[in-house]
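Per-entry structural report
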Amino acid sequence: MGAKPAIAQNVGLLTAANLLMRGVSMLFQVYLTARVGAAGVGLLQLILSVNLFAVTLGTSGLRVAALYLSAEAYGLRRYGGVRQAMVWCLTAGLLLSALVGGAMMAFAEPLALSVVGDLRAVLSLRLLGLTLPLSCLSMILSGCFTACGQVRTLVAVEVGDKAATVVLTMLLLQQGIAGDLAHACAAIVGGNALAAVGSVAVLLGLLRRWLGKLDGGGAMPDMGRRLLGIAGPVAVSDYLRSGLGTLEQFLIPWGLGRFGGSHTQAMADYGVIHGMVFPVLMFPCTVLYAVADVLVPELARCRAEENQRRIRHVAGRCLRQGFLYAAAVAALLWLLAMPLGQLLYRSDDAGRYLRLFAPAVVMLYLDCLVDGMHKGLGQQVYTVRVNTLTSILDVALLYLLLPRWGIAGYYVSFWVSHGVNFYLSIRRLGELTGPLTGRRTPDTIEACSK
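Given the structure is predicted, the values throughout are model-derived calculations rather than measurements.

Parameters at a glance
Residues numbered from 1 in each chain as written. Predicted model: local features only at pLDDT ≥ 70, side-chain atom pairs only at ≥ 80, totals over all residues. Heavy atoms only, no water. Phe/Tyr/Trp six-rings, centres within 6.5 Å; stacked < 30°, edge-to-face > 60°. Helix = DSSP H or I, 4+ residues; strand = E, 2+ residues; numbered from the N terminus. Buried < 20%, exposed > 50% of the residue type's maximum accessible area, 1.4 Å probe, protein only. Core = buried A, V, L, I, M, F, W, Y, C linked by side-chain atoms within 4.5 Å. Contact = heavy atoms within 4.5 Å. Axes fitted to C-alpha atoms, helices over the stretch in contact; angles between N-to-C directions. Parallel < 35°, antiparallel > 145°, perpendicular 65-115°, else oblique. Left-handed = near helix turned anticlockwise from the far one by under 90°. Nonpolar A, V, L, I, M, F, W, Y, C, P; charged D, E, K, R; others polar. Salt bridge = Lys/Arg side-chain N within 4 Å of Asp/Glu carboxyl O.

Topic: the packing of aromatic side chains
By the definition in use, this model includes eight aromatic pairs. Their ring planes at 75° and their centres at 5.3 Å tell us that Phe 357 and Tyr 411 sit as a pair that is edge-to-face. Of this pair, Phe 357 sits in helix H13 (residues 348-357) while Tyr 411 is found in helix H16 (residues 407-433), placing the two residues 54 residues apart along the sequence. Overall, Phe 357 belongs to the buried group, its relative accessible area being 0%. Ring pairing ties together the aromatic residues Phe 278, Phe 357, Tyr 410, Tyr 411, Phe 414 and Trp 415, which thus form one cluster.

So this is what it looks like as structure tokens:
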């Protein structure tokens, strides 16, 4: 089977699975909103922001390294290299995530008090620290399965994980008292953790069985050095972006509270935007997330083979079709914003914010594709620079504008920071592929990377 049909099949499978899982997640978010309220959703989002930064530290670029190294070795039929890459990535991920998770458990109370600003987050933070290695290993394993074309297996496991998460979380929520946000957040975290135990165990078993059937091909040379060379820049980029992103998330309720209103109202506004509006806004992007995930190993193989023509074709076609799709989604969301706000959340505020952010869909969706292409083309160092610059810009704008302008300040900072990031990223992609900027295309991808 050729590369093009394989890409189409993998994208189709990932898209179908992600649409199903994100659809379930969005409906589940509606259920959670009805149960814990906008302020509870805001508290949960802050807790998950801390966890996101912890996961970033625990993985440290190892998922991208697993994707890239596994795809390269598998494409060259050096199956020993796939085994070697996964041993290195999983071992490093386990050690790092255990260290970070232990620190998270030990400092849960100070984190809840000084970072989240609510002691009701302590139990959730301790649970997240305990189960952090599971989250990190799951991400690394999914990278290998995607890179080696085992998408059907990965999809089956992820669908089972999502179903188990929903069922377990609902059962745990029913054990608590209505209005107890500490228990509600812990129940949501606990449901995810229990489901992750099963999914990681299944993925490890399937990976061992699959690799045991592969014959031929030796190990790849200098695996440790190459792993560090890929994961290192990605980790630095992720640290900076996730750290600054986490700071951004905490600046939003802080700034809204300074603008005027109580802490509860600020948390409610934050919960509407990030817990209600953004899941709906980004739900249709599931299609492009699947494309971006598959583009990483595909472009990595093309780069290894010095197939510049294939790189040009894939990048150009994905961007053209991605733009048409994003523009159509933006128009529909703008038109249907108010009905969707009422249908999903019975909230006029959700509908108004959804209409406000709908035009940003074109930029956000295309940036998703461009990010996947940069990872496949080995542009980790450049991504570090761009993400650092735009994240610092966003933090500065939020700090300055939110206390003065409220939601309007957040909206301005969102457009400016994301717009600068997208412009710099798309310009660099044009330099690498040529036709996007009208420049003469270099003979190889290495030549244009200098």
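Moving on from the coordinates now.
Remarks on the nonpolar core
In terms of nonpolar packing, the biggest core is built from 93 residues, with Leu 125, Phe 278, Leu 281, Val 361, Tyr 365, Met 373 and Tyr 410 touching the most fellow members. Sorting elements by how many residues they give to this core places helix H1 (residues 3-59) first, with 14 residues. Setting aside anything within four residues of it in sequence, one finds Phe 278 in contact with Ile 273, Phe 357, Tyr 410 and Phe 414. Core analysis: the next-biggest nonpolar cluster, separate from the first, contains 35 residues, Leu 62, Ile 140, Cys 144 and Leu 214 among them.

Here's the deal with the packing of helix H5 (residues 122-130) against helix H8 (residues 181-213)
Following both chains from N to C, one finds H5 and H8 inclined at 15°, their axes separated by 8 Å at the closest point. Considering their axes alone, H5 and H8 lie roughly parallel with respect to each other. Here H5 and H8 pass one another in a crossing that is right-handed. Residue-level contacts link Leu 123, Ser 124, Leu 127 and Leu 128 of H5 to Ala 182, Cys 185, Ala 186 and Val 189 of H8. In terms of residue class, the contact of H5 with H8 is built from seven nonpolar, one polar and no charged.

Thoughts on the pattern of salt bridges
All told, the structure shown has three salt bridges when counted by the stated rule. Across the pair Arg 352 and Asp 349 runs a salt bridge whose closest N-O atoms are separated by 2.2 Å. Linking Arg 352 with Asp 349, this pair stays in helix H13, spanning three residues, or about one helical turn. The class of Arg 352 is partly exposed, set by a relative accessible area of 46%. Here Asp 371 and Lys 375 are joined by a salt bridge, their closest N and O atoms 3.4 Å apart. A residue pair is termed a helical-turn pair when its members lie 3 or 4 positions apart in one helix, as Asp 371 and Lys 375 do in helix H14 (residues 361-376) at four residues.

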